[in-house]
Amino acid sequence: MNGTAPRKKIRLGVLASGGGSNLQSIIDACNAGSLDAEIALVLSNNPEAGALARARDNAIPLECIDHRDFAQRSDFDRAVVDCLEDRGVELVVLAGFMRLISGAFLEKFPHRIMNIHPALLPAFPGLHVQRKALESGARFSGCTVHFVDEGMDTGPIIIQAVVPVLEQDTEDTLSARILEQEHRIYPRAIQLFAEGRIKVDGRRVQIEPPLPPCCGSLSNPVLG
Ligand code: GAR
């Protein structure tokens with residue numbers, strides 16, 4: 001016993017529709033002790049989601065609520081909110097969750113729903129954004145962690161990382177380079193929340209004390 005009280009862990013509800021590599025980065029950060037969080041629930045709308053297998057492999061409580069079983073989006077959202085509340089979730093983490101979040105859901109978790117998006121918002125919201133970045137001729141893209149609001153990828157931005165778009169990039173190679181940065185910044189954004197360092201002021205997010213210059217923003221700037 002060294003007399004140090006264990007740090008309080010924030011209870012996360014991770015919502016994922018796909019493979020769950022971002023979920024894995026959060027699990028790894030919790031296990032490594034760099035994230036003061038406990039995953040109280042992994043929930044998917046997709047019975048085939050790899051994220052559910054990752055939850056099972058890590059003995060994390062999991063739930064599958066198939067959106068196709070609900071006639072109305074509001075009914076699906078209510079079922080999801082009930083599950084999150086039953087598990088005492090304090091922060092909802094969207095990790096490749098491919099459903100829009102309704103107003104009623106948002107009201108239950110004000111500024112307590114985060115999303116990760118594989119582009120530098122506000123550029124390229126929506127789907128197929130790596131392809132759009134390539135087609136646009138952008139020299140840089142990246143990823144964004146933001147709070148969710150009623151719009152599509154429009155909520156207050158918490159943290160971003162930049163990656164270069166290379167001449168020979170395909171959608172797959174650019175996606176992989178962006179994903180690597182997603183795995184770095186998402187656990188970090190959640191840790192900032194767990195430490196109570198995030199304040200939302202209108203559209204702007206303040207981090208107190210501020211991150212050092214470039215920390216969590218430009219990860220690997222390449223000029224030219
Ligand atoms: C990630 O690239 C994430 O940013 C993206 O889906 C992928 C999920 O990968 N999310 C969105 O596009 C949300 N609009 P993962 O299942 O391996 O974490």
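Nothing here was measured: the structure is a model prediction, and the numbers come from that model.

K.L.:
Help me out: how do you make sense of the site of the ligand in this one?
P.N.:
Taken together, Gly18, Gly19, Gly20, Ser21, Asn22, Gly96, Met98, Ile116, His117, Pro118, Leu179 and Glu182 make up all the residues around the ligand. Ser21 is positioned with one of its side-chain polar atoms (N or O) 2.6 Å from an oxygen atom of the ligand. At 2.8 Å, a side-chain N or O of Glu182 approaches an oxygen atom of the ligand. For the ligand, whose unbound accessible area comes to 450 Å², protein coverage reaches 84%. Judged by its atoms lying within 2 Å of the grid points, the ligand is housed in the largest pocket.

K.L.:
Even after reading the chapter, I still don't get the confidence of the model for the chain, so can you show me in this structure?
P.N.:
Low pLDDT means the predicted coordinates in that region are not meant to be read closely. Summary statistics for the chain give a mean pLDDT of 94 and a share of 94% for residues scoring 70 or more. For the stretch residues 216-224, pLDDT sits under 50, and the model shows 20 contacts to residues farther than four places along the chain or on other chains.

K.L.:
I keep staring at the nonpolar core and nothing clicks. Help me out?
P.N.:
Among soluble globular proteins, nonpolar side chains are generally buried collectively. Residues Leu12, Ile39 and Met114 are the most contacted members of the largest nonpolar core, which totals 41 residues. Looking at this core element by element, the count peaks at 8 residues for helix 6 (residues 171-194). Beyond its immediate sequence surroundings of up to four residues, Leu12 is in contact with Ile26, Ala37, Glu38, Ile39, Ala40, Leu41, Val89, Leu91, Val93 and Ile190. Among the nonpolar cores identified, the runner-up in size contains 21 residues, and Ile65, Val89, Ile113 and Val148 belong to it.

K.L.:
For this particular structure, what's the right way to read the layout of surface pockets?
P.N.:
Over the atoms, a rolling probe the size of a water molecule traces out where space has been left empty. Its volume calculated, the largest pocket comes out at about 790 Å³. Among the secondary structure elements, those contributing two or more residues to the lining of the largest pocket are helix 1 (21-32), strand 5 (113-117), helix 5 (129-136) and helix 6. The residue makeup of the lining of the largest pocket, split by class, is 13 nonpolar, 16 polar and 5 charged. Of the volumes computed, that of the second largest pocket is approximately 160 Å³. For the second largest pocket, the full set of lining residues is Ile27, Cys30, Asn31, Ala37, Glu38, Ile39, Asn58, Ala59, Ile60 and Pro61. Secondary-structure elements contributing two or more residues to the lining of the second largest pocket are helix 1 and strand 2 (37-44). Looking at side-chain class alone, the lining of the second largest pocket contains 7 nonpolar, 2 polar and 1 charged residues.

K.L.:
Can you help me understand helix 1 in this one?
P.N.:
Turn by turn, an α-helix covers 3.6 residues, leaving residues three or four places apart pointing in a common direction. Taking 1.5 Å of rise per residue, 12 residues should cover 16 Å, and helix 1 covers 16 Å from first to last C-alpha, within 8% of that figure. Within helix 1, the full set of buried residues consists of Asn22, Leu23, Gln24, Ser25, Ile26, Ile27, Ala29 and Cys30. Contacts from the buried residues of helix 1 go to strand 1 (10-15), strand 2, helix 2 (50-57), strand 4 (91-94), strand 5 and helix 6. Following helix 1 by one or two positions, Gly33 has its phi on the positive side, about 85°.

K.L.:
Would you take a moment to explain the pattern of salt bridges for this structure?
P.N.:
Where charged atoms from two side chains of opposite charge come close, those side chains can pair. Here the structure, examined in full by the defined rule, presents 8 salt bridges. The residue Glu195 makes a salt bridge to Arg197 at a minimum N-O spacing of 3.2 Å. Judged by relative accessible area, which is 42%, Glu195 ranks as partly exposed.

Cut-offs applied
- Residues numbered from 1 in each chain as written.
- Predicted model: local features only at pLDDT ≥ 70, side-chain atom pairs only at ≥ 80, totals over all residues.
- Heavy atoms only, no water.
- Near = heavy atom within 4 Å.
- Polar contact = N/O pair within 3.5 Å; in protein donor to acceptor, adjacent residues only side chain to side chain.
- Areas by Shrake-Rupley, 256 points an atom, 1.4 Å probe, with all protein chains shown as cover.
- 1 Å grid on protein atoms, 1.4 Å probe; cavity = no way out; pocket = protein on both sides within 12 Å on 5 of 7 lines; lining within 4 Å.
- Sits in = over half its atoms within 2 Å of the grid points.
- pLDDT = per-residue confidence, 0-100.
- Contact = heavy atoms within 4.5 Å.
- Core = buried A, V, L, I, M, F, W, Y, C linked by side-chain atoms within 4.5 Å.
- Buried < 20%, exposed > 50% of the residue type's maximum accessible area, 1.4 Å probe, protein only.
- Helix = DSSP H or I, 4+ residues; strand = E, 2+ residues; numbered from the N terminus.
- Points joined across faces, edges and corners; volume = space filled by probe spheres on them.
- Nonpolar A, V, L, I, M, F, W, Y, C, P; charged D, E, K, R; others polar.
- Expected span 1.5 Å × (residues − 1).
- Salt bridge = Lys/Arg side-chain N within 4 Å of Asp/Glu carboxyl O.

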